[in-house]
Amino acid sequence: MLATVLLHGVIKVSPRRSMTRAIATFWMLSCLAISGSAIAASPAATPNLLPAESQGVTQAPPPQPINWDRVTQEATDLLSKYIQMNTTNPPGNELDAARMLKEKFLTDGIPATTWEPQHGRGIVAARLRGIGKHNKSIILLSHMDVVPANPKEWQVPPFSGLVKNGEIWGRGSIDDKGPGVIELMAMLAIKRAGILLNRDVLFIATGDEEEGGKNGAGWFVDHEANVFADAGYLLNEGGGIRALSDNKRKVYVVSVTEKTPLWLRLTASGPAGHASIPPAETAVTRLVRALDRLSQYDTPIHVIGPVQDYYHTMAELDHGPRQQLDLDAALKDPEFLKQFISDPAQNASVRDTITPTVLSASQKTNVISETAYAEIDCRLLPGSDPKTVMTDIKKAIGDDTIKIDVILNFPPISSPSRSPLMTAIGTLAREHDQAAVVPSMIIEFTDSHYFRQKKIVSYGFIPIEVLPSEGKGIHGINERIGVKELADGIQRMVDFLKIFGGQN
Ligand SMILES: [Zn+2]
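Quick notes on the rules
- Residues numbered from 1 in each chain as written.
- Predicted model: local features only at pLDDT ≥ 70, side-chain atom pairs only at ≥ 80, totals over all residues.
- Heavy atoms only, no water.
- Helix = DSSP H or I, 4+ residues; strand = E, 2+ residues; numbered from the N terminus.
- Buried < 20%, exposed > 50% of the residue type's maximum accessible area, 1.4 Å probe, protein only.
- Contact = heavy atoms within 4.5 Å.
- Areas by Shrake-Rupley, 256 points an atom, 1.4 Å probe, with all protein chains shown as cover.
- Donors = N, O, S within 2.8 Å, 3.2 Å for Na, K, Ca; no water.
- Tetrahedral: all angles 85-135°; square planar, octahedral: opposite > 155°, others 65-115°.
- Phe/Tyr/Trp six-rings, centres within 6.5 Å; stacked < 30°, edge-to-face > 60°.
- Expected span 1.5 Å × (residues − 1).
- Pairing = 2+ DSSP bridges.
- Axes fitted to C-alpha atoms, helices over the stretch in contact; angles between N-to-C directions.
- Salt bridge = Lys/Arg side-chain N within 4 Å of Asp/Glu carboxyl O.
- Parallel < 35°, antiparallel > 145°, perpendicular 65-115°, else oblique.
- Left-handed = near helix turned anticlockwise from the far one by under 90°.
- pLDDT = per-residue confidence, 0-100.
- Polar contact = N/O pair within 3.5 Å; in protein donor to acceptor, adjacent residues only side chain to side chain.

Draft legend 1. Geometry of the overall build of the protein. The secondary structure content of the protein amounts to 16 helices and 18 strands. Within the protein, the fraction of its 504 residues that count as buried is 55%. Excluding contacts between residues fewer than 6 apart, the proportion of contacts in the protein whose partners are at least 24 apart in sequence is 79%. For the protein, the computed accessible surface area is about 22700 Å², with 53% contributed by carbon and sulfur atoms.

Okay, here's the thing in structure tokens:
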């Protein structure tokens, strides 16, 4: 069990440890929300192992200042090394990366452990103990796997981790190794400075996110839920800081929900045979007709709360089109609707989408295949019922001989827009950037849904600025993050944890 491992990690008092550390450790122990039997099980918890001077200490020493130059250099080196570990998924192979991150935590005395859900696949978790007995802990989530990169298209080799012109280049620098490094380094900085938070911080880095998370977050939630049983909150990829069009003011965009995949396979069948004597109808002609009908089917427009709120806030802050102050009402005007949905991202934010992506039938030109299939990537708004969507799709196709199978689907779950976590992000936004916070929905999906299912308030928010204009190559070419951006991200994350951990 991780809990035991972690406990031992915290209370192991090394002879080389400074007096300050020992006092802090003693104080932390006396305040830890752990069971009596857990304390008794650990010999290090007995007071006689502590220096005499520490007896009766009730207050921790003041935190030490953080050496930001050192943190930045270390984060840069770590991210560069992390990028060099090729975790392209498939196959993922995240285990080495998981071990490296574990070692990084252990070196600083933060207990950490790894799992191998499938051969070569990796998950790592670490726990920075706080002193809050009753405060729910927060998970900082990231994923170690990356999408493929074609070196021919890149200006630098995508797995070089090259530091060039003040930027760290490579696949994963933003999605999602950079954010993982920000989370890790923030925890190390807090530990080294001796800042005591009133809640635990749990770092979890999974694999397999890019392929749906079955061998990553999904496995973890199914098999090791006890590791995060005390967690009430979670931060993950999916949101960040955006500059407004005046390029001066900023807004913190926090994703509280995401669209859900409903991946379907449509299979048509018909007589097999030679293409020189074709029957009137084949599996392929049937499938083509079904797809044609499906492409003419328009899903209903529906503006959900976080989308309405997002456009409202952006229209106010960024002087966007007046209609966006009340998007739901504005979209009833056919002219405005037409213009609004001409942008694919905007279109996807107000309706379910249905997209054929895979087609397969005969492998030979002159052979009529008995079956033909298409895979359809449907993305549903939170609130859309998959069963209803499938019924509508069947109706649109109008051919009962087409078999429809679900390849992937999970229940759409949102986190509340108001929570202590949102309040803390709001405080960070105000204090750091005089910025506003806006809840939103993302049209992609992340691993957050696995934790939302466990009733953990999960937000997509990493405190870095990603310019929408360049997107910095996420899933594309020349993905990279500025060293300053990385350093600012760590500083903001430290401040966030201090706010949410009651030290600000
Ligand atoms: Zn990602």
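Draft legend 2. Highlighting the coordination of the zinc ion. Looking at the zinc ion, the protein donor atoms are His143 (NE2), Asp175 (OD), Glu237 (OE) and Glu237 (OE), and they sit 1.9 to 2.6 Å from it. Geometry at the zinc ion is irregular, judged from its four donor atoms and the angles of 53 to 144° they form at the metal. All donor residues of the zinc ion come from one chain, and their arrangement in sequence is H-x31-D-x61-E. Taken together, the residues span a long stretch of sequence, with Asp175 in the loop between strand 5 (167–169) and helix 6 (177–193) and Glu237 in the loop between strand 7 (231–236) and strand 8 (240–243) at a distance of 62 residues.

Draft legend 3. Layout of the packing of aromatic side chains. Counted by the stated rule, this structure contains 13 aromatic pairs. Pairing Phe496 with Phe500 gives two aromatic rings, centres 5.7 Å apart and planes at 15°, and the pair type is stacked. Of this pair, Phe496 and Phe500 both sit in helix 16 (residues 483–500), four residues apart, which is roughly one turn of that helix. Of the two residues, Phe496 and Phe500, neither departs from the other in class, the shared state being buried.

Draft legend 4. Quick look at helix 9 (residues 305–318). Its 14 residues place the ends of helix 9 20 Å apart at the C-alpha level, agreeing with the 20 Å of an ideal helix rising 1.5 Å per residue. Restricting attention to buried positions, one finds in helix 9 the residues Pro306, Val307, Gln308, Tyr310, Tyr311, Thr313, Met314, Ala315 and Leu317. Its buried side turned inward, helix 9 meets strand 8, strand 9 (250–258), helix 10 (327–330), helix 11 (334–341), helix 12 (344–349) and strand 16 (436–442). Positive backbone phi, approximately 50°, marks His319, located one or two places after helix 9.

Draft legend 5. Region of interest: the sheet that holds strand 5. Pairing is antiparallel in the open sheet, where three strands are placed in the order 4-5-18. In this open sheet, the two edge strands, each paired with only one partner strand, are strand 4 (163–164) and strand 18 (480–482). Against the sheet, helix 4 (residues 68–84) engages strand 4, strand 5 and strand 18, with an angle of about 15° to strand 5.

Draft legend 6. Inspection of the pattern of salt bridges at higher detail. For the structure shown, the criterion picks out 25 salt bridges. Close ionic contact of Arg171 with Glu479 constitutes a salt bridge, the shortest N to O distance being 2.8 Å. Pair noted here: Arg171 is in the loop between strand 5 and helix 6 and Glu479 is in the loop between strand 17 (457–460) and strand 18, with a separation of 308 residues, a long-range link. For Glu479, a relative accessible area of 0% gives the class buried. Its salt-bridge partner being Asp488, residue Lys484 comes within 2.7 Å of it at the nearest N-O pair. You can see Lys484 and its partner Asp488 sitting in helix 16, four residues apart, about one turn around the helix.

Draft legend 7. Region of the structure containing the packing of helix 4 against helix 5 (residues 95–107). Relative orientation of the contacting elements helix 4 and helix 5 amounts to 160°, with a least axis distance of 11 Å. Looking at the two axes, helix 4 sits roughly antiparallel to helix 5. The hand of the helix 4/helix 5 crossing is right-handed. Contacts between helix 4 and helix 5 involve Glu74, Leu78, Lys81 and Tyr82 on the former and, on the latter, Ala97, Met100, Leu101 and Lys104.

Draft legend 8. A look at the confidence of the model for the protein. Averaged over all residues, the pLDDT of the protein is 88; the fraction at 70 or higher stands at 87%. Ignoring residues within four places in sequence, the model shows residues 1–54, a span with pLDDT below 50, making 64 contacts including any to other chains.

Draft legend 9. View of the packing of helix 4 against helix 6. With their axes 10 Å apart at the nearest point, helix 4 and helix 6 run at an angle of 145° to one another. When the axes of helix 4 and helix 6 are compared, the crossing they make is right-handed. Of helix 6, the residues touching helix 4 (which contributes Arg70, Val71, Glu74, Ala75, Leu78, Leu79, Tyr82 and Ile83) are Lys177, Gly178, Val181, Leu184, Met185, Leu188, Ala189 and Arg192.

Draft legend 10. Region of interest: the environment of Asn409. Among the secondary structure elements, Asn409 is positioned in strand 15 (residues 403–409). It is 7.1 Å that separates the C-alpha atoms of Asn409 and Thr260, two residues lying 149 residues apart in sequence. In contact with Asn409, not counting residues within four places along its chain, are Thr260, Pro261, Leu262 and Pro386. Polar side-chain contacts of Asn409 include one of 3.0 Å to the backbone oxygen of Pro261.

Draft legend 11. How the structure looks around the sheet that holds strand 10 (residues 260–269). In spatial order, the strands read 12-14-10-15; together these four strands make up an open sheet with antiparallel pairing. Both outer strands of the open sheet, strand 12 (353–360) and strand 15, are each paired with one neighbouring strand and no more. Pairwise comparison of adjacent strand axes, ignoring direction, gives a mean angle of 25° for this sheet. Looking at chain direction, strand 12 and strand 14 (residues 371–380) are connected through seven bridges and run antiparallel. From the neighbouring strand, Leu359 faces strand 14, where its bridge partner is Ala374. With respect to the sheet, helix 8 (residues 283–295) is in contact with strand 10, strand 12 and strand 14, its orientation differing from that of strand 14 by roughly 20°.

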